[in-house]
There are 2 protein chains.
Amino acid sequence: MTATKPPPAASERTRRRAASKRALATAANLLDAAERLFAERGYDGASVRDIASAAGAQVASVSFHHGGKETLFERVVERRASELGELRIAALEKARANGEQLSLEAVLSAFVRPYLEKAANDAQWLAYARLVAMVSADRRWRHISQRLFDPTAGIFIDEIAALFPEAKRSAIAVTFVFSVSAMLSVSTSRWRIEELAEDAPGEFLEIDALADPLIRYCASGIRAAVA
Amino acid sequence: MTATKPPPAASERTRRRAASKRALATAANLLDAAERLFAERGYDGASVRDIASAAGAQVASVSFHHGGKETLFERVVERRASELGELRIAALEKARANGEQLSLEAVLSAFVRPYLEKAANDAQWLAYARLVAMVSADRRWRHISQRLFDPTAGIFIDEIAALFPEAKRSAIAVTFVFSVSAMLSVSTSRWRIEELAEDAPGEFLEIDALADPLIRYCASGIRAAVA
DNA sequence: GTCTATATGTAGATAGAC
DNA sequence: GTCTATCTACATATAGAC
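These numbers come from a predicted model, not from an experiment.

Take chain B, turn it by 180°, move it 0.0 Å along the axis, and it overlays chain A with an RMSD of 0.1 Å. What the superposition gives is, in effect, a two-fold axis relating one chain to the other. Within chain B, the C-alpha atom positioned nearest to the axis of rotation is that of Gly221 of chain B, 2.2 Å from it.

Written out as structure tokens, the structure is:
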């Protein structure tokens, strides 16, 4: 975009260790490429070589900017998880601001829609669900689940538990995990939905088409299971 | 178990190319070890070296008996999928033999319970769900889904569709995929359930404890989503 | 910060002796 | 059928020049 960085002028005495634009871009490009390849091929299936190459960077830059493959993976997940967590809490508070008691559908909507809206318009966000599914299904990434997913999950479980004062929190947690799995399948297994729904090819290309059925499915399922 | 194979007697003229007991055992041990390691570490995370070593066999035996890593993986999935598919169809026909119209719960039960009963008593069966989740979430294994999963899935989707004559089959297929995801999470994410259900440690160590909530959850979810 | 070169380990597959 | 040895390719990571 910009011209090559000019040589430092004599007056430039205030050089600090602020990262250059190019360095920041390299670090960010690596994150983007890593996100795509980890989602496509899994953690072990994606090599740092391919990630660096896809980012137009050198292999060595992965260790330099991100410390190694494992921390690169964790940073990839963290970047999305932080933003999405904030969006979900904001959606919950906005729904609460309307005054009266929240419905179960409203709570689930605050959890599900911020993600589906991102995923509908951005392939990187769509791919993020595959990373979440990998982390949620693998004890190897337990520390990532605990640090990045559990706080938000706990808030929503509490919110649902408040709607069913007579139910045990553990029963709510079970249905919450079922619901998250169903939501993730929208991204990880949409191709299977397409194949099994032979009568309507392309019906679910738009991810939004799955939001309403998903929320109705989860809400009704939770009500029945905690009763 | 038995003594060492005695040297062939002179009368043993009918030697055919039937596999020896030991060869069959090697091939089977490789399947067992591969199932365990693939489930634990994923396809790329499990090396044929480690699989052979865990089976007490040589690296070269994997290629010899199973043709290579990919076909070994496919055989691992096939062995379980065939048996489970038959159990599910049998459960469906047994439920149908009771005469009247099947309830949605009965259909889901015929799909879910054969697996959960196996998984409750056998760690290899429990681990199988992780393989199914891997295959269902990865287009790379599309041919395995189509060949081993889709036939049974199609039968159950048809069965559910018959209960909702006014609903589109594609809508049923969506809820079926949601339900399978929820079922798989019982195996892949039970540790997350345990962590999120802080108030009841150990409550879900017995997998059976999840069967009833799961079936109620899925049945009610399907009814609400296809309406 | 980037880049080349390399260190060190492991991957999957197979040839050929036994 | 098994086993040893080896082939070729690729993995992550780092040292040191620029």
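Further remarks concern the environment of Thr71 of chain B. Residue and element names in this part refer to chain B. With respect to the helices and strands, Thr71 occurs in helix H4 (residues 69-97). As for Thr71 and Phe176, which are separated by 105 residues in sequence, their C-alpha atoms are 28 Å apart. Here His66 takes part through its backbone oxygen, which lies 2.2 Å from a polar atom of the side chain of Thr71.

Taken together, 18 residues sit near DNA strand C, with Ala19 and His65 of chain A together with Val48, Arg49 and Lys69 of chain B positioned nearest. Across the atoms of DNA strand C situated within 4 Å of the protein, the share located in sugar and phosphate is 68%. At a separation of 2.5 Å, a phosphate oxygen of DNA strand C approaches a polar side-chain atom of His65 of chain A. At 3.2 Å from a phosphate oxygen of DNA strand C is found a side-chain nitrogen or oxygen belonging to Ser47 of chain B. For the surface near DNA strand C, the elements supplying multiple residues, two or more each, are helix H1 (21-41) and helix H3 (59-66) of chain A together with helix H2 (48-54) and helix H3 (59-66) of chain B.

Scanning all chains against the criterion turns up 32 salt bridges over all chains. Among the ionic pairs, Glu35 of chain A bridges to Arg80 of chain A, the shortest N-O distance being 2.6 Å. In this pair, Glu35 of chain A is assigned in helix H1 and Arg80 of chain A in helix H4 (residues 69-97), connecting sequence segments 45 residues apart. Take Glu35 of chain A: its relative accessible area is 0%, and that puts it in the buried class. By relative accessible area, Arg80 of chain A is classed as buried at 9%. Between Arg169 of chain B and Asp158 of chain B there is a salt bridge, with its nearest N and O atoms 3.0 Å apart. One end of the pair, Arg169 of chain B, is in helix H8 (residues 169-188); the other, Asp158 of chain B, is in helix H7 (residues 142-163), with 11 residues separating them in the sequence. By relative accessible area, Arg169 of chain B is classed as buried at 19%. By relative accessible area, Asp158 of chain B is classed as partly exposed at 42%. Residues participating in the shared-partner salt-bridge network are Asp32, Glu35, Arg79 and Arg80 of chain A.

What counts and how
Residues numbered from 1 in each chain as written. Chains lettered and ligands numbered in written order. Predicted model: local features only at pLDDT ≥ 70, side-chain atom pairs only at ≥ 80, totals over all residues. Heavy atoms only, no water. Least-squares fit on C-alpha atoms with pLDDT ≥ 70 in both. Helix = DSSP H or I, 4+ residues; strand = E, 2+ residues; numbered from the N terminus. Polar contact = N/O pair within 3.5 Å; in protein donor to acceptor, adjacent residues only side chain to side chain. Near = heavy atom within 4 Å. Salt bridge = Lys/Arg side-chain N within 4 Å of Asp/Glu carboxyl O. Buried < 20%, exposed > 50% of the residue type's maximum accessible area, 1.4 Å probe, protein only.

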